[in-house]
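This is what each chain is made of:
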Amino acid sequence: MRHFLLSALVLGVIAAGCTPSPSNPPSASARADWAIAIHGGAGHFGEEDLSPDMQEAYTASLESALQLGEDLLQQGSSAVDVVEQVVRILEDDSLFNAGRGAVFTSEGTHELDASIADGASRNCGAITGLQGFRHPISVARAVMDSSEHVFFSGHGAGVFAASQGAEAAPSTWFDTQKAYERYRRAAAREGEDPVPLEEKRGTVGCVALDAEGNLAAATSTGGMTYKRHGRIGDSPVIGAGTWADNRTCAVSATGWGEYFIRTGVTQDIHGRMLHGGQSLTSACEATIFDEMGALGGDGGVVSVDAFGNVALVYNSAGMFRASARAMQGRVTRDVAMFGPYERPMPCK
Ligand code: ASP
């Protein structure tokens with residue numbers, strides 16, 4: 001079977017050994033030139049669940065989004081611009097559950113959630129239940145940059161989006177056959193418990209460290225198939241689905257949103273690093289496996305720390321993921337989708 005590790009070198013998840021702080025930011029020589037990681041959702045899928053054509057399509061989509069991010073970082077774009085631009089590309093890609101391709105709610109509509117966080121300013125913006133706008137992530141960015149608030153919902157989010165000149169899109173723009181079939185299957189099983197999770201999910205996200213040493217994260221989703229009108233998942237919730245702070249890390253999550261909210265996944269990772277001095281990888285593993293996973297949730301995160309270490313950690317069978325990192329001009333790159341994540345045995 002074809003393997004989808006595309007790089008010559010698999011990106012190592014390198015424990016930094018210490019956590020930067022405002023008085024101790026990593027020097028330019030101690031950190032990567034830049035780093036980026038993206039996800040296209042986590043779930044219970046294996047190689048046998050995706051046809052070779054679909055595997056190729058996902059790989060091509062992840063690669064082209066990654067390439068855009070790499071090019072922008074190489075040109076010196078800011079982390080916050082990069083994560084927004086990469087997520088916009090994924091929102092337009094009908095393979096993923098975000099923007100075009102978003103899942104249907106139980107009422108047959110699309111209610112879109114997105115959030116963005118800037119590690120330099122520790123500012124953020126989010127929207128939930130947005131309808132009729134092509135790029136929810138750019139509306140979230142406008143909330144961060146052009147409002148005195150951080151979170152808009154439903155009708156108010158739409159009014160705000162329109163006031164910012166966000167690009168509108170008819171509901172048919174978001175409809176895809178794949179999402180519609182999932183909706184029909186979920187409708188047919190209404191009342192059954194549980195509806196298989198792999199029928200429900202997906203999300204896209206991006207984290208980046210730029211050449212200036214700034215971190216940012218962005219996440220966008222249609223949520224879960226057949227979600228009830230008004231249901232809010234983790235993706236637009238800062239601290240659950242998205243986080244960025246230059247002192248620690250940038251994180252974007254995907255998975256069973258209720259569990260990510262209940263355990264405050266992305267902020268928990270940040271807190272472990274800031275207050276507990278944990279490395280990025282051990283913080284992600286502890287949060288995903290010992291907190292969120294221990295409650296019964298599943299999914300994962302893509303993350304990058306202030307040194308440019310990348311950790312892609314998940315407890316589901318697979319996660320669509322890609323990452324790249326430049327160290328003294330040398331770029332390493334990895335695109336993958338199947339799992340499982342191998343957590344090393346904790347040291348005794
Ligand atoms: N986290 C998203 C939600 O619960 C779904 C996903 O990432 O698969 O809305």
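Preceding block: the structure.
Values in this document were obtained by computation on a predicted structure and should not be read as measured data.

### Considering the overall build of the protein
Alright, step 1. Broken down by element type, the protein carries nine helices and 12 strands.
Alright, step 2. Radius of gyration (C-alpha) of the protein: 18 Å, near the 20 Å computed for a compact globule of 348 residues.
Alright, step 3. When the backbone C-alpha atoms are referred to their principal axes, the protein occupies close to 55 × 50 × 35 Å.
Alright, step 4. Here the protein, with 348 residues, has 57% of them falling under the buried criterion.
Alright, step 5. Put simply, 71% of the contacts in the protein that link residues at least 6 apart link residues at least 24 apart.
Alright, step 6. Carbon and sulfur atoms make up 50% of the accessible area of the protein, which totals about 14100 Å².
Alright, step 7. Of the charged side chains in the protein, 26 are positive and 41 negative, and the gap between their average positions amounts to 2 Å.

### Brief notes about the sheet that holds strand β10 (residues 310-314)
Whenever strands of a sheet pair, they do so through backbone hydrogen bonds, lying parallel or antiparallel.
Alright, step 1. If you trace the four strands from one edge of the open sheet to the other, you get β7-β8-β9-β10, paired in antiparallel fashion. Bordering the open sheet on either side are β7 (242-244) and β10, each of which pairs with just one other strand. For this sheet, the mean inter-axis angle between neighbouring strands, taken without regard to orientation, is 10 degrees.
Alright, step 2. As defined by bridge partners, strand β8 (residues 249-255) adjoins strand β9 (residues 299-305) across seven bridges and the pair is classed as antiparallel. Within the sheet, the bridge partner assigned to Val-251 lies in β9 and is Ser-303.

### Concerning helix α2 (residues 79-91)
Working note: α-helix, 3.6 residues per turn, so residues spaced by three or four point in the same direction.
Alright, step 1. In this model α2 runs 18 Å from its N-terminal to its C-terminal C-alpha over 13 residues, within 8% of the 18 Å that 1.5 Å per residue would give.
Alright, step 2. Among all positions in α2, only Ala-79, Val-80, Val-82, Val-83, Glu-84, Val-86, Val-87, Leu-90 and Glu-91 are buried.
Alright, step 3. Next to the buried residues of α2 lie β1 (34-43), α1 (52-74), β2 (112-118), α3 (136-146), β5 (204-209) and β6 (215-221).

### Notes on the packing of aromatic side chains
Alright, step 1. According to the stated counting rule, one finds 12 aromatic pairs in the structure shown.
Alright, step 2. Their ring planes at 70 degrees and their centres at 5.9 Å tell us that Phe-104 and Tyr-180 sit as a pair that is edge-to-face. Of the two residues, Phe-104 sits in the loop between α2 and β2 while Tyr-180 sits in helix α6 (residues 177-188), which places them 76 residues apart along the sequence.
Alright, step 3. Put simply, the rings of Phe-45, Tyr-58, Phe-96, Phe-320 and Phe-338 touch in pairs and so form one group of aromatic residues.
Alright, step 4. Seen from the ring of Trp-173, Arg-100 lies directly overhead, with NZ or CZ sitting 4.0 Å from the centre.

Conventions and cut-offs
Residues numbered from 1 in each chain as written. Predicted model: local features only at pLDDT ≥ 70, side-chain atom pairs only at ≥ 80, totals over all residues. Heavy atoms only, no water. Helix = DSSP H or I, 4+ residues; strand = E, 2+ residues; numbered from the N terminus. Rg over C-alpha atoms; globule rule 2.2 N^0.38 Å. Buried < 20%, exposed > 50% of the residue type's maximum accessible area, 1.4 Å probe, protein only. Contact = heavy atoms within 4.5 Å. Areas by Shrake-Rupley, 256 points an atom, 1.4 Å probe, with all protein chains shown as cover. Lys, Arg positive; Asp, Glu negative; His and termini not counted. Charge placed at Lys NZ, Arg CZ, Asp CG, Glu CD. Pairing = 2+ DSSP bridges. Axes fitted to C-alpha atoms, helices over the stretch in contact; angles between N-to-C directions. Expected span 1.5 Å × (residues − 1). Phe/Tyr/Trp six-rings, centres within 6.5 Å; stacked < 30°, edge-to-face > 60°. Lys NZ or Arg CZ within 6 Å of the ring centre and 35° of its normal.

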